[in-house]
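Geometric and topological summary
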Amino acid sequence: MSGMIVLVMGVSGAGKSTIGRALADALEAAFLEADAFHSPANIAKMKSGIPLTDADRWPWLDAIGAALDRSVMKGGKVVLACSALKQAYRDRLLKDGGRRGFTVFLQGDPDLIAARLAGRSGHYMPPALLTSQLAALEPPADAIVADISEAPEVILRKVLAKLPVS
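Analysis parameters
- Residues numbered from 1 in each chain as written.
- Predicted model: local features only at pLDDT ≥ 70, side-chain atom pairs only at ≥ 80, totals over all residues.
- Heavy atoms only, no water.
- Pairing = 2+ DSSP bridges.
- Helix = DSSP H or I, 4+ residues; strand = E, 2+ residues; numbered from the N terminus.
- Axes fitted to C-alpha atoms, helices over the stretch in contact; angles between N-to-C directions.
- Buried < 20%, exposed > 50% of the residue type's maximum accessible area, 1.4 Å probe, protein only.
- Parallel < 35°, antiparallel > 145°, perpendicular 65-115°, else oblique.
- Left-handed = near helix turned anticlockwise from the far one by under 90°.
- Contact = heavy atoms within 4.5 Å.
- Nonpolar A, V, L, I, M, F, W, Y, C, P; charged D, E, K, R; others polar.

**Some thoughts on the sheet that holds strand E3 (residues 78-81)**
The 5 strands are arranged E2-E3-E1-E4-E5 in an open sheet whose pairing can be described as parallel. Only two strands of the sheet have a single neighbouring strand rather than two, namely strand E2 (30-33) and strand E5 (144-147). Taken pair by pair, the neighbouring strands of this sheet meet at an average axis angle of 20 degrees, ignoring direction. Where strand E1 (residues 5-9) and E3 come together, 4 bridges link them in parallel fashion.

**Let's talk about the pairing of E3**
Residues Val78 and Leu80 line one face of E3 and the alternating positions Val79 and Ala81 line the opposite face, and both faces are buried. Summarising the sheet, E2 and E3 pair through 4 bridges and their orientation is parallel. In the sheet register, Glu33 faces E3, and the bridge partner there is Ala81.

**Examining the packing of helix H3 (residues 54-73) against helix H4 (residues 87-94)**
It is at 9 Å that the axes of H3 and H4 come closest, and there the two elements cross at 25 degrees. For the element pair H3 / H4, the angle class is roughly parallel. Here H3 runs over H4; the crossing is right-handed. Contacts from Asp54, Arg57, Trp58, Leu61, Asp62, Ile64, Gly65 and Leu68 in H3 reach Ala88, Tyr89, Arg92 and Leu93 in H4. By residue class, the composition of the contact of H3 with H4 is 7 nonpolar, 1 polar and 4 charged.

Structural data, given as structure tokens:
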């Protein structure tokens, strides 16, 4: 799986960072956390409980795309943890510039996700924005789907079994 991207996506609190890091370790791949690419203005909006608009997201997605290109151009494998809630966002990340890859969709019960968000500290994404994320979510048709109620090691094992890893 040289020069490949694996996008781990879902709403905030679904476990993207946890699963993404474990997957990157298992694949001996670089790990990118999409949250690290948000502008200070985007972070301030989210901290204030204001959902981002598409206009807020396009520069963020383009910055992530540039980082993906740098990693893939070196022949590297990259795992990206990113909400990528809409198909247009996933297309921007995986299809623009000829990028190709796989999508892992972490899905689960909204009550479980809300409980995770309520118990999380140090993140700028307030639990109040979960409703807007769920409303914006366009589940991918072509993804490896993982149930977040399972233990991370079980999710990792199931995802690895479905990826064409060489």
